[in-house]
Structure formats: C-alpha cells, structure tokens
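# Structure at a glance
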Amino acid sequence: MGSRTTIKKPLPSVISDMEKWPIYMAYSNPDEFLNKVKGLVKKNASWILKDDESLRKEIKNIVYQEKMRLTKTPWKSDDPKEKLFWSEIKKQIRASKTIENKEDAKIVDEKVLNQILDFYGNEMVANFKIPSFKFAQKALPYIYSRLINSFPQIVYKLFSSVDSLYDRMKIMGDIDHIRELQKIGTVVVVPTHYSNLDSPTIGLSLNNLGLSAFTYGAGVNLFTIKSLSKFMHNLGAYKVDRRRKHRLYLETLKSYSTIALTENVNSLFYPGGSRSQSGKLENKLKLGLLGTVIDAQRINLEEGNGKKIFIIPVTLNYHYVLEAKKLIENYLKNEGKENYLEDENTTSFGLMKRAYKVITSNPGMTISFAPAIDVFGNRVDKKGNSYSGIGKKVEVADYFKLDGKLVRDVQRDSQYTQILGDRILQEFKENTVVLSSNLVAYVTFQIIRKRFSQFSVFEVLSLPKDETTLLVSEFLPVLEKIRVVLRELESNNKIILSSDLDLEIEELMTVGIDKVGSSHPKYVLKLNKNGEISTQSMKLLFYYHNKLSSYGLDQYI
C-alpha cells in the first residue's frame, strides 16, 4: 500500500500551525487533562474500589512502598518534598482509624486516594512550549551534524549547513503514507532500542517527516539536571518512575498514555523497554503501555469520534553503538555467571581515545519506517482503511463488539495486545536494514564459532587472537554465500539490504570492516596487508554479529 523512499531533507509540517497540534492543545490545560486521567484510573481500578477494606489496604501498601523507595533506592531527581507528602498521607490514615462510622472512614480514604492520584499526575504530566520546540528544531540538527561529521569538517566548516547530515543519516519508508495518516488520526511510533542516541535520532527523524510533536515517557532519573529537565518537560516528555511497581501507579501511567492518545496526541513507546544488551533484535516486548493503544481506540469508538490510531514500527540501524561494550558486558555477565570472564576496566586514556574516534569517524546510520498498521496489526491504506492479511477490508469497531455493542473486555483486549506485539516483532524483523558492518561481523564470528563448535560461546569469546584470525581467502566465499541468502530474503520482503551490499564483494568486505564499531578503543575488525582479518574484542564482534542472529543464516556457513 505504498512505496519505500528515502528523504534527503526535512519535509514541511503536515499541520503548519503549531497551536493546532494536538500535543499543544492537550497540554495547554493540564488540570483538565489530569482530571481525565484520574477519572479513567478510577473507572478501570475496580479492584481498589470494590470495598472499603480493599481501598484502605491498597493505600497502606502504597505508603509502605513509597517510603521504601525513598530510603532504599533514592535518586538525585527525587523531589525533596516527597517525604513530607507521604508522611502527611500516613498521618491521615492513622487519624482515620479512630473514626467509627464506616461511611466517614470511606470518605477519608477516597480523599487520600485523590491526593495520591493528584500527586502522581502532577509529577508525571508533560508540557509543550512552542518556543522550546522551535529551538530544538534548529539546534538538534546542528548538534547532530557536528557529532557525526568528520574531524576536518568540524574544524573548517563549524558553522556550515547541516545538509551533509542526511548523507550519513538515512531516513527511509513510505513517507507519503505516514504523512497522510497524520491528517486523519493519531500516530504511534514504536522503535527498536539499542542506544542512548536513539531518542534524539528518532526525534530528529520524526521532525524531518513533518509530523506534529510526539509525547513520550522518560525516566525520572533523566530529570536530574534542572535546565535539561525543564527542556525535556517542555518538549512533551512525561515522567516515569520505574522503581514504582505497585498497581495504582502503573494504572495511572497507563491511563495517562490512554488519555493522551484519545486527545489525538502522537505518542512514542519503546516496546522492548530497555536497550538491547546483546545487540540482538527484540524478540519479546513489554506490553503494558502498548496495551493503551487498544484502550484508546475503543474509547474513541465509544465516544463516537471514530479517530483511528496508527502504529508505525521503526528500526534503528547503526554501524556503531556508543555503549556496546558496557551493554554486552552486562548481557554476558547475566547469561554466563561463573562462566564469564569480565574485561578490564576502561582507562581514562581509553575514554579519550574513544572520544577522538567518535568525532573523526563517519559511520552513519539508517532509520527504517515500516508500513503502518492499525491497533490489531492490520495493514492500512492512505485513507486509514484496514485490511486483513488476505486483503479483505475490516472495521476496527467489530473487534470490540459483543452482541453488536461496544464493550470493554480486559481479557480479550490483553489478547489483542499480544497479537499487536507479535506483529510489531514481525515488522521489526522484516524492516531491519542489513548494513555492511552487520554482515561482516556476522560472517566473521560465525566462521570462528563453527571452527570451535565443540566450545561454549563463552569459551569462544575467550580465544586468543591467533585462534580468531581469518584469511581473506576463506572469508570472501562465505560472505558472498550469505549475501546471496540475504538477497533471497529481501526478494521475499523478509529483510532490507543497504546499498553497501551491492558493492563488489572485496569492497563490501573492506567497507564493512572499516565501519563496524568504528569508534571503539579496541578495533572490532581489522584487515592487514597480509590478507588477514583479526579482532581485538571477540565480545564486541559478538555484539555486532547478533543483529543478524535471528534469521537462521548460520545453517549456510
């Protein structure tokens, strides 16, 4: 239902007047917004309001957990007034014990519940300031282009145009389709997650598509620096405290997301949760916030506005991930336990060396927008109509009906969320872009792995350098063989190949080796004059290899 294109420069905004952007209108009146959130929490949290005893028990549990959070796992970003707030709540609960009349006691408990919901809402709620957004529109491309430009360009063209940014940052997908959907509904973007660089990358990409601003959840630990905290807050970031695990807070968070969606605010979720520590493509999603798109779509239908919610999976594809060493170390430590031998700590010299390599290298990246789907995973056309896998037009309202009426069914909707999650994973896999760096890392590691097939992966990672060195003569035939398999996968729409993979095989090898993890202090791969390919870090090679580990390519090596 569309064609894949690559944009070369930022597109004009689909909605030119920022004061008409849903995010601006929704956050211009935070009290009204939060009252809707609080109303939805109470409507959905029947488990807490079913009887007086349940409410009192839940409030006590919340107070206990909050006190433990502030004493056992305090963060610099915690509001100093929090302890006082929870102490006051505790006093109110104790004082109400002396109330003999159950109705009077219930009134006190409901008052306390409202205070807690107000506290969570006021802490959570985002803002959207047009001047802040305009500043970000101008500043972020400039900063980004300086970050990924080469060293000579930084020295001699410090104040040059950012046009060259898009030679390194490729944004691809059915862009016209996505822009059309912005006009008629709400867009929810769900990206893969590899790096702390992901948020500015996806933010810049969405702005370049000309979409109105997105709201997104950001961990409260990111709000430590006051100036940065205010800036993020004014760009639509709502606060999420992942230390809070109790049911009422999670219900408030989900209700916040749901109301934002029913207010037509574009939203961004990382459905995988945290960054991929292994470098692998996500194979399991966290469905909590994802389920809010189902709730919001049903509410839209119940309220009669008919606004549809469109899901756009996005894959972020890097030659180099800044945190790769730390991430793979954590992954191997958790997986291997006593079988894993930890690397030495990075020295200050190593950090300086990496910083230099970051600004002098030019690895580039590709952001791939998958075809749009509805909240049930059906493809949609430019008018927003949904089509099943066999091409039959379907109505989303029918999914929510029982005996012809729209009804809320928690168990049914959780199954719908699982179906949507599975579809997103499929889209991640089919819309991953194979970079030259991914391919050479995969082939190199797999050849070594097959050579020592009797060893565990942890033993392979600890092999000495002379055991992990390959000859170009043994490497190239395997590289060509895997490229042929990948081309077959692409012809069946199972993966996307970057333009690098069209290079002559020896040039493909050279380019891939040069780009893979190009800014790490230890080189991931190196080709010497004797036709030998070697690595200084099997762990980093393993990390970059993992991007292609879910496609069954190992059987061809």
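Source: prediction; values computed, not measured. (Residues numbered from 1 in each chain as written. Predicted model: local features only at pLDDT ≥ 70, side-chain atom pairs only at ≥ 80, totals over all residues. Heavy atoms only, no water.)

### Concerning the overall build of the protein chain
- Scanning the protein chain from terminus to terminus reveals 23 helices and 18 strands.
- Over its C-alpha trace the protein chain gives a radius of gyration of 26 Å, about what one expects of a compact globule, namely 24 Å for 557 residues.
- Reported as C-alpha extents along the three principal axes, the dimensions of the protein chain are approximately 90 × 50 × 50 Å.
- By the burial criterion, 53% of the 557 residues in the protein chain qualify as buried.
- Within the protein chain, residue pairs in contact and separated by at least 24 positions form 77% of the contacts whose partners lie at least 6 positions apart. (Helix = DSSP H or I, 4+ residues; strand = E, 2+ residues; numbered from the N terminus. Rg over C-alpha atoms; globule rule 2.2 N^0.38 Å. Buried < 20%, exposed > 50% of the residue type's maximum accessible area, 1.4 Å probe, protein only. Contact = heavy atoms within 4.5 Å.)

### Thoughts on a positive patch on the surface
- Residues Lys43, Lys50, Lys57, Arg247, Lys254 and Arg408 make up a contiguous surface patch of positive charge.
- Within the secondary structure, Lys57 is located in helix α4 (residues 52–72).
- On the basis of relative accessibility, which here comes to 65%, the residue Lys57 falls in the exposed class. (Patch = residues over 30% accessible without salt bridge, like charges linked within 9 Å, V, L, I, M, F, W, Y side chains within 5 Å. Areas by Shrake-Rupley, 256 points an atom, 1.4 Å probe, with all protein chains shown as cover. Salt bridge = Lys/Arg side-chain N within 4 Å of Asp/Glu carboxyl O. Lys, Arg positive; Asp, Glu negative; His and termini not counted. Charge placed at Lys NZ, Arg CZ, Asp CG, Glu CD.)

### As for the environment of Leu248
- As for its placement among the helices and strands, Leu248 is situated in helix α13 (residues 247–262).
- When the C-alpha atoms of Leu248 and Ala45 are compared, they prove to be 7.7 Å apart, with 203 residues separating the residues in sequence.

### A closer look at the packing of aromatic side chains
- Across all of its chains, the model carries 21 aromatic pairs by this definition.
- With a centroid separation of 6.4 Å and 90° between ring planes, the pair formed by Phe400 and Tyr416 is classed as edge-to-face. Of this pair, Phe400 sits in the loop between α17 (396–399) and β12 (401–402) while Tyr416 sits in helix α18 (residues 410–430); the two residues are 16 residues apart in sequence, bridging distant segments of the chain.
- By relative accessible area, which is 0% here, Phe400 ends up buried.
- For the pair Phe445 and Phe542, a centre-to-centre distance of 5.1 Å together with 45° between the ring planes defines the contact as tilted. With Phe445 in helix α19 (residues 436–451) and Phe542 in helix α23 (residues 538–545), this pair connects stretches of sequence that are 97 residues apart.
- Among the residues examined, Phe445 registers a relative accessible area of 2% and is labelled buried.
- What links up through ring pairs into an aromatic cluster is the set Phe85, Trp86, Phe119, Tyr120 and Tyr249.
- Its end group placed over the ring of Trp75, Arg243 keeps NZ or CZ at 4.0 Å from the ring centre. (Phe/Tyr/Trp six-rings, centres within 6.5 Å; stacked < 30°, edge-to-face > 60°. Lys NZ or Arg CZ within 6 Å of the ring centre and 35° of its normal.)

### Some points on the sheet that holds strand β18 (residues 532–534)
- The strand order β15-β18-β17 describes an open sheet built from 3 strands, whose pairing is antiparallel. Single-partner strands in this sheet number two, and they are β15 (470–471) and β17 (526–527). (Pairing = 2+ DSSP bridges.)

### With respect to the side chain of Arg483
- When you line up the elements, Arg483 lands in helix α21 (residues 472–491).
- Residue class for Arg483 comes out buried when judged on its relative accessible area of 6%.
- Within polar-contact distance, the side chain of Arg483 engages the side chain of Glu480 at 2.8 Å.
- Only 2.6 Å separates the side chain of Arg483 from the backbone oxygen of Leu503, close enough to count as a polar contact.
- Setting aside chain neighbours within four positions, we find Arg483 in contact with Leu501, Asp502, Leu503, Ile505 and Leu508. (Polar contact = N/O pair within 3.5 Å; in protein donor to acceptor, adjacent residues only side chain to side chain.)

### Some thoughts on helix α15 (residues 324–336)
- Taking 1.5 Å of rise per residue, 13 residues should cover 18 Å, and α15 covers 17 Å from first to last C-alpha, within 8% of that figure.
- Taken residue by residue, α15 has Ala324, Leu327, Ile328, Glu329, Tyr331, Leu332 and Gly336 as its buried positions.
- Along its buried surface, α15 packs onto α20 (457–461) and α23. (Expected span 1.5 Å × (residues − 1).)

### Details of the pattern of salt bridges
- Throughout the structure, instances matching the rule amount to 30 salt bridges.
- A salt bridge links Asp241 to Arg69, with the nearest nitrogen and oxygen atoms 3.3 Å apart. A residue pair is termed long-range when its members are at least 10 positions apart, and Asp241 in the loop between β5 (237–240) and α13 and Arg69 in helix α4 qualify at 172 residues. Both residues of the pair, Asp241 and Arg69, count as buried.
- Taking the shortest distance from any N to any O, the salt bridge between Arg487 and Asp502 comes out at 3.9 Å. Separated by 15 residues along the polypeptide, Arg487 in helix α21 and Asp502 in the loop between β16 (496–497) and α22 (505–515) bring together distant segments of the chain.
- Its relative accessible area of 61% is what places Asp502 among the exposed residues.
- In this structure, a network of salt bridges that share partners links the residues Glu66, Arg69, Asp78, Glu82, Glu123, Asp241, Arg243 and Arg244.

### Details of the sheet that holds strand β4 (residues 215–219)
- Pairing is mixed across the open sheet formed by 8 strands, whose spatial order is β1-β2-β8-β7-β3-β6-β4-β5. Across the chains shown, the open sheet's two edge strands, defined by having one partner strand only, are β1 (5–7) and β5.
- Summarising the sheet, strand β7 (residues 308–318) and strand β8 (residues 365–369) pair through 5 bridges and their orientation is antiparallel. Bridge assignment links Val314 to a residue of β8, and that residue is Phe369.
- Sheet strands touched by helix α14 (residues 292–302): β3 (185–191) and β7. Its angle to β7, the strand with the most contacts, is close to 155°. (Axes fitted to C-alpha atoms, helices over the stretch in contact; angles between N-to-C directions.)

### Some remarks on the packing of α19 against α22
- Where α19 contacts α22, the axes come no closer than 8 Å and their chain directions differ by 95°. In this view, α19 runs roughly perpendicular relative to α22, as classed from their interaxial angle. Across the interface between the two elements, Ser436, Ser437, Leu439 and Val440 of α19 pack against Leu508, Met509, Val511, Gly512, Ile513 and Lys515 of α22.
- Its residues placed into classes, the contact of α19 with α22 shows 6 nonpolar, 3 polar and 1 charged. (Parallel < 35°, antiparallel > 145°, perpendicular 65-115°, else oblique. Nonpolar A, V, L, I, M, F, W, Y, C, P; charged D, E, K, R; others polar.)

### A word on unusual backbone geometry
- At Asp403, a residue that is not glycine, the phi angle is positive and equals roughly 55°.
- Secondary-structure assignment places Asp403 in the loop between β12 and β13 (405–406).
- At Asn493, a residue that is not glycine, the phi angle is positive and equals roughly 60°.
- Among the secondary structure elements, Asn493 is positioned in the loop between α21 and β16.

### Considerations on the pairing of β4
- One ladder, built from 2 bridges, connects β4 with strand β6 (residues 267–268); its direction is parallel. Among the inter-strand pairings, Tyr216 is bridged to a residue of β6, identified as Leu268.
- In this structure, β4 lies alongside β5, joined through 4 bridges in parallel fashion. The residue of β5 that forms the bridge with Gly219 is Val240.

So yeah, pure geometry; function would need other evidence.
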